[in-house]
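# Understanding the architecture of this molecule
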Amino acid sequence: MVMTDAAARRRAIVMVALVVLVGGLAMASLGVGPVKLSPATVIDALFGGGSEVQRIIVQQIRLPRMILALAIGGILGLSGAALQGLLRNPLASPSLFGAPQAAAFGAVLVIALGLADVRSFALPAAAIVAAFASVFVLLAIAGRNAGLLILILAGLAISSLAGAATSLTMNLSRNPFAALEIAFWLLGSLEDRSFRHVMLALPFIVVGATILFSQRHAFRALSVGEEAAQSLGVNVGRLRLLVILGVALGVGGAVAVAGAIGFIGLVAPHLMRPLIGYDPGRLLVPSALTGAALLLAADIAVRIIPSTSDIKVGVLTALIGVPFFLYLIVRERRALSGGVA
Amino acid sequence: MSEAVLLAASSVSVSLGNRVVVRDVSLALSGKHLVALVGPNGAGKTTLLRALAGLVPSLGTIEVGGDALPSLTLQERAQRFAYLPQGHQVHWPLPAKDIVALGRYPHGAVDPARLTEKDTAAVMRAMQATDVVALRDRSVTELSGGERSRVALARVLAVEAPILLADEPTASLDPRYQLEVMSNLRAAADRGMLVIVVTHDLGLAARFADTVLVLSDGRLVSQGPPAVGLSDKIIADVFRVRTYRADHDHDTVIVPWAEI
């Protein structure tokens, strides 16, 4: 029996196409901005050529921003695919579970209490702890075989609570300018990020991604249900904890430097299923690449779209993501109205 | 029983929450046997099956091939017990061959695209036994209920474990598929496995099983050949029904006939 079939070839082609797409968008991300640079100039400046201004623009302004878009988009796509695999549910995603909102609250609390400026590890640590708590509570509420309705309602409740807690923190903040700054930061943006931000977020994102990726085969076994997966040797309790930990590390690290960027985790796996198939183990890497491509594209778009003030990239992803979410709800309507499916 | 005991339970009790679901069950079963586990709704059949496989914690001792269940790792348990849950649910539209290949997961074959020759051969044997070779590239969600149950059965057969536990494998199948599933399980038992089947169908139990375990309110009230476990008295006491009986080709036909 030949197992390397047409489907495997197709997956390989899609992967190559995704890598090319992400590479192209990464190059474009280095070239687009108030000062437009050609790809040749970008490559030149990247390796120490060109004028000093060009080098500063590419290496110190746009490169960290590009790396963050790549890493954050990637971890959001991966987290969405992992959560959907864990819960065998196409509507699972970090943002619908309130993880970014909770992470934002953790970060805002630390800032408001004056425990850290935006360059200390206290910030990602607080964001990660809050993200962990939110996903943990959500899965505890949802229980073992949660239907769509319970997950979405619980996610709504948690994100509302986290949002309210964030507002309260800003409300009580003595410095109105700090509150305004926090409010803008909460919208989600990659503007003016430096390599310090990259160093702050990247380690957590890499560890989170590694944890999630290491569980890819267990997600496949879960396709036949938790009980059957357990009988195949999957430690389902441990798997749940690892996924919560991986998502919290990745999303917490991302939110700590870029604010709340939503819906990429929801959208990326859905874009990949028609091309890659439904195997949750094989969706992880393509979803990460798609997430990276989406955020790179969104971050390029906010620089191109003419507007009087800067559009925040988190606003753009939500504007695109929410209609997509509504479309998914319509598609899953039968399962939803069936209650706890 | 003359053969070596493969699965032994002694004073096994299981509580779910603060309700005792299985009480003080002791049994000894050997390979090459098809065992039917019967009992009314809520008698604790599924819970007992899960406890035997170590999927829910239990009090008492369970031994598999002489090894205490808690001393085995999750993977060792998975190699010894193939477990088919009720409903045969598959959450994603995956090709049937990938579902069957999951049966090799306990043997380290975690990626269906990278099976060893040995794993591939086991998957093929299982698919041939359940006649699903022609369905292997079809998505399981497109299959009929009968086809899907055969794919699910192929998955547990592919484990090639000494013990196969099946929870109501014939539920919601048409008569032909019910017979097919039971014949498949019978064949697996004849090949040397210990097969334990939870079923509500007393007729199928009488016809196919070597041993019948009767569970009532969490207690094992009978353990023996069908003539003992499915006697008029036990069926009347446990199920509160009268049966119609007949002989057909030396097999006993049992049909629940009237409430008591």
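Note that the structure is predicted; figures quoted are calculated from it, not measured.

### So, the overall build of chain B
When its secondary structure is counted, chain B shows nine helices and 12 strands. Computed over C-alpha atoms, the radius of gyration of chain B comes to 18 Å, within 12% of the 18 Å expected from 2.2 N^0.38 for 260 residues, which places it in the range of a compact globule. In terms of overall dimensions, chain B has a C-alpha envelope of 55 × 40 × 40 Å along the principal axes. The long-range share in chain B, meaning contacts at least 24 apart out of those at least 6 apart in sequence, stands at 64%. As presented, chain B carries roughly 11,500 Å² of accessible surface, and 49% of it is formed by carbon and sulfur atoms. For chain B, the centre of its 26 positive side-chain charges and the centre of its 28 negative side-chain charges are spaced 3 Å apart.

### Let's talk about the overall build of chain A
Along its length, chain A carries 15 helices and zero strands. Relative to its length of 341 residues, chain A is compact, with a C-alpha radius of gyration of 20 Å against a globular reference of 20 Å. Its C-alpha atoms give chain A principal-axis dimensions of roughly 60 × 55 × 35 Å. Evaluated residue by residue, chain A yields a buried proportion of 56% over its 341 residues.

### Describing the domain arrangement of chain B
Residue and element names in this part refer to chain B. One can read the domain layout of chain B as domain 1 (1–65 + 162–234) and domain 2 (89–160). Across the boundary between the two partners, domain 1 contributes 10 residues, which contact 11 residues of domain 2. Carbon and sulfur atoms supply 66% of the area buried between domain 1 and domain 2, which totals about 810 Å² over both sides. Per-residue buried area on domain 1 facing domain 2 is highest for Leu-164, Tyr-177 and Asn-184; these three make up 46% of the total on that side. Linking domain 1 to domain 2 there are one salt bridge.

### Structural notes on the side chain of Ser29(A)
All names here are of chain A. Positionally, Ser-29 belongs in helix α1 (residues 6–31). Under the relative-accessibility criterion, Ser-29 is labelled buried at 0%. Apart from residues lying up to four places away in sequence, Ser-29 is in contact with Arg-62, Met-66, Leu-296, Ile-300 and Arg-303.

### What about the pairing of strand β8 (residues 194–198) of chain B?
Residue and element names in this part refer to chain B. In terms of residue burial, β8 counts as a mostly covered element, since five of its five residues are buried. What you see with β8 is no split at all: Leu-194, Ile-196 and Val-198 on one side and Val-195 and Val-197 on the other are buried throughout. Here five bridges tie strand β3 (residues 33–38) to β8, and the two strands are oriented parallel to one another. By the bridge assignment, Leu-34 is partnered in β8 with Val-195. The parallel pair strand β7 (residues 163–167) and β8 is bridged by helix α6 (residues 175–190), and the resulting crossover is right-handed.

### Comments concerning the environment of Val22(B)
Residue and element names in this part refer to chain B. Along the chain, the position of Val-22 falls in strand β2 (residues 19–30). As a C-alpha pair, Val-22 and Arg-242 span 220 residues in sequence and 26 Å in three-dimensional space. In contact with Val-22, not counting residues within four places along its chain, are Val-12, Ser-13, Val-14, Gly-44, Thr-47, Leu-48 and Gly-218.

### A word on the sheet that holds β7(B)
Residues and elements named next belong to chain B. Spatially, the six strands line up as an open sheet ordered β6-β7-β8-β3-β9-β10, and their pairing is mixed. Of all the strands in the sheet, just β6 (81–84) and β10 (219–224) have a single pairing partner and so form its edges. In this sheet, adjacent strand axes meet at a mean angle of 15 degrees when their direction is disregarded. Across the sheet, helix α5 (residues 145–158) is in contact with β6 and β7; its angle to β6 comes to roughly 170 degrees.

### A look at the nonpolar core
Counting residues in each nonpolar core, the largest one holds 143 residues, and the members touching the most others are Ile72(A), Leu164(B), Leu185(B) and Val195(B). Looking at this core element by element, the count peaks at 16 residues for helix α3 (residues 52–87) of chain A. Both domains that meet at this core, namely domain 1 (1–65 + 162–234) and domain 2 (89–160) of chain B, each give it at least three residues. Look past the residues within four positions of Val195(B) in its chain and what remains in contact with it is His33(B), Leu34(B), Val35(B), Leu164(B), Leu185(B), Ala188(B) and Ala189(B).

### Quick notes on the sheet that holds strand β5 (residues 67–68) of chain B
Residues and elements named next belong to chain B. One open sheet holds the four strands; their spatial order is β2-β1-β4-β5, and the pairing between them is antiparallel. Only two strands of the sheet have a single partner each, and these edge strands are β2 and β5. Of the strands in this sheet, β1 (5–16), β2 and β4 (59–64) are in contact with helix α1 (residues 45–52), which crosses β1 at around 120 degrees.

### Side note on a nonpolar patch on the surface
Residues and elements named next belong to chain A. A surface patch of nonpolar side chains, amounting to about 570 Å² of accessible area, comprises Leu-180, Phe-184, Leu-187, Val-315, Leu-319 and Ile-320. Put simply, the parts of the chain that give the nonpolar patch at least two residues each are α7 (176–186) and α14 (313–331). Element by element, the count of residues in the nonpolar patch is highest for α14, at three residues. Within the secondary structure, Val-315 is located in helix α14. The exposure class assigned to Val-315 is partly exposed, which follows from its relative accessible area of 31%.

The rules behind the values
- Residues numbered from 1 in each chain as written.
- Chains lettered and ligands numbered in written order.
- Predicted model: local features only at pLDDT ≥ 70, side-chain atom pairs only at ≥ 80, totals over all residues.
- Heavy atoms only, no water.
- Helix = DSSP H or I, 4+ residues; strand = E, 2+ residues; numbered from the N terminus.
- Rg over C-alpha atoms; globule rule 2.2 N^0.38 Å.
- Contact = heavy atoms within 4.5 Å.
- Areas by Shrake-Rupley, 256 points an atom, 1.4 Å probe, with all protein chains shown as cover.
- Lys, Arg positive; Asp, Glu negative; His and termini not counted.
- Charge placed at Lys NZ, Arg CZ, Asp CG, Glu CD.
- Buried < 20%, exposed > 50% of the residue type's maximum accessible area, 1.4 Å probe, protein only.
- Domains from an automatic or database assignment.
- Buried area = accessible area lost by both parts, 1.4 Å probe.
- Salt bridge = Lys/Arg side-chain N within 4 Å of Asp/Glu carboxyl O.
- Pairing = 2+ DSSP bridges.
- Right-handed = clockwise from strand over helix to strand, strands pointing away.
- Axes fitted to C-alpha atoms, helices over the stretch in contact; angles between N-to-C directions.
- Core = buried A, V, L, I, M, F, W, Y, C linked by side-chain atoms within 4.5 Å.
- Patch = residues over 30% accessible without salt bridge, like charges linked within 9 Å, V, L, I, M, F, W, Y side chains within 5 Å.

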